[in-house]
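For reference, the chains in residue letters:
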Amino acid sequence: QQQVKQSPQSLIVQKGGISIINCAYENTAFDYFPWYQQFPGKGPALLIAIRPDVSEKKEGRFTISFNKSAKQFSLHIMDSQPGDSATYFCAASKGAQKLVFGQGTRLTINP
Amino acid sequence: DAGVIQSPRHEVTEMGQEVTLRCKPISGHNSLFWYRQTMMRGLELLIYFNNNVPIDDSGMPEDRFSAKMPNASFSTLKIQPSEPRDSAVYFCASSLLSGANVLTFGAGSRLTVL
């Protein structure tokens, strides 16, 4: 019930393309769904987050789509750039409790 | 703010030795988390503190691991004795207890146990 399953493990996208990473969760009590971005040698950093009262949140080229009935949420990166190459983690939590992270997706944007 | 500060950044030690990792959270943050990152298991929460009090240590692998937070600006994660399977990157993160659960991570401590 505490798991967050993330796919794919790795993803290669051409520059200018759309990168899509998916996550699924089991615990219906989760009410906070962030995405973290991690560059090599650095700690993860918050990229964008959503709460289940909305189905989509957009910040620049990054969009979270949220499907409450399917218990799934995804990250879309539009016009992907080489600088977006990083590892992306989805996560979920209930209230202010501890975040549960997905396994991560290593994204490579080819120039 | 300098962010979450971790030391050492890299540690190479031999099996059986004691390892101490240190963390200084962001000033004003009252929650502190220790995570371990490996290729196989991803990001695992080891323990977290609210207002310097340990709340959940269910992720601590075994008794060889211990964590303390003697004050609001300092925490340690100790492994004694260390084993090769403890090799990983250990992250400290801090956040505000109230409001959104936004974690700010440090740069991590890469531990290699030979």
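A brief look at the structure comes next.

The rules behind each value
- Residues numbered from 1 in each chain as written.
- Chains lettered and ligands numbered in written order.
- Predicted model: local features only at pLDDT ≥ 70, side-chain atom pairs only at ≥ 80, totals over all residues.
- Heavy atoms only, no water.
- Disulfide = S-S within 2.5 Å.
- Helix = DSSP H or I, 4+ residues; strand = E, 2+ residues; numbered from the N terminus.
- Buried < 20%, exposed > 50% of the residue type's maximum accessible area, 1.4 Å probe, protein only.
- Phe/Tyr/Trp six-rings, centres within 6.5 Å; stacked < 30°, edge-to-face > 60°.
- Polar contact = N/O pair within 3.5 Å; in protein donor to acceptor, adjacent residues only side chain to side chain.

## As for the state of the cysteines
Following the criterion strictly, the structure yields two disulfides over all chains and no others. Paired by a disulfide, A:C23 and A:C90 hold their sulfur atoms 1.8 Å apart. Because the sign of the S-S torsion sets the handedness, a value of about -90° for the bond joining A:C23 and A:C90 places this disulfide among the left-handed ones. Of the two residues, A:C23 sits in strand β3 (residues 19-25) while A:C90 sits in strand β9 (residues 86-92), which places them 67 residues apart along the sequence. In this structure, A:C23 and A:C90 share a single accessibility class: buried. There is a disulfide in this structure between B:C23 and B:C92, and the S-S distance comes to 1.9 Å. Because the torsion about its S-S bond is -65°, the bridge between B:C23 and B:C92 counts as left-handed. Separated by 69 residues along the polypeptide, B:C23 in strand β3 (residues 19-24) and B:C92 in strand β9 (residues 88-95) bring together distant segments of the chain. A single burial state applies to B:C23 and to B:C92, both of which are buried.

## As for the packing of aromatic side chains
A complete count under the given rule lists 17 aromatic pairs over all chains for this structure. Ring geometry for A:Y36 against B:F105: centres 5.8 Å apart, planes inclined by 80°, an arrangement best described as edge-to-face. Of the two residues, A:Y36 is situated in strand β4 (residues 33-38) and B:F105 in strand β10 (residues 104-105); the pairing between them involves two chains. Among the aromatic residues, those joined into a cluster by ring pairs are A:Y36, A:F89, A:F101, B:F33, B:Y35, B:Y48, B:F91 and B:F105.

## Remarks on the environment of B:N71
All names here are of chain B. The residue N71 is located in strand β7 (residues 65-71) in this model. Taking the C-alpha atoms as reference points, N71 and N51, 20 residues apart in sequence, are found 8.6 Å from one another. There is a polar contact of 2.9 Å between the side chain of N71 and the side chain of S73.

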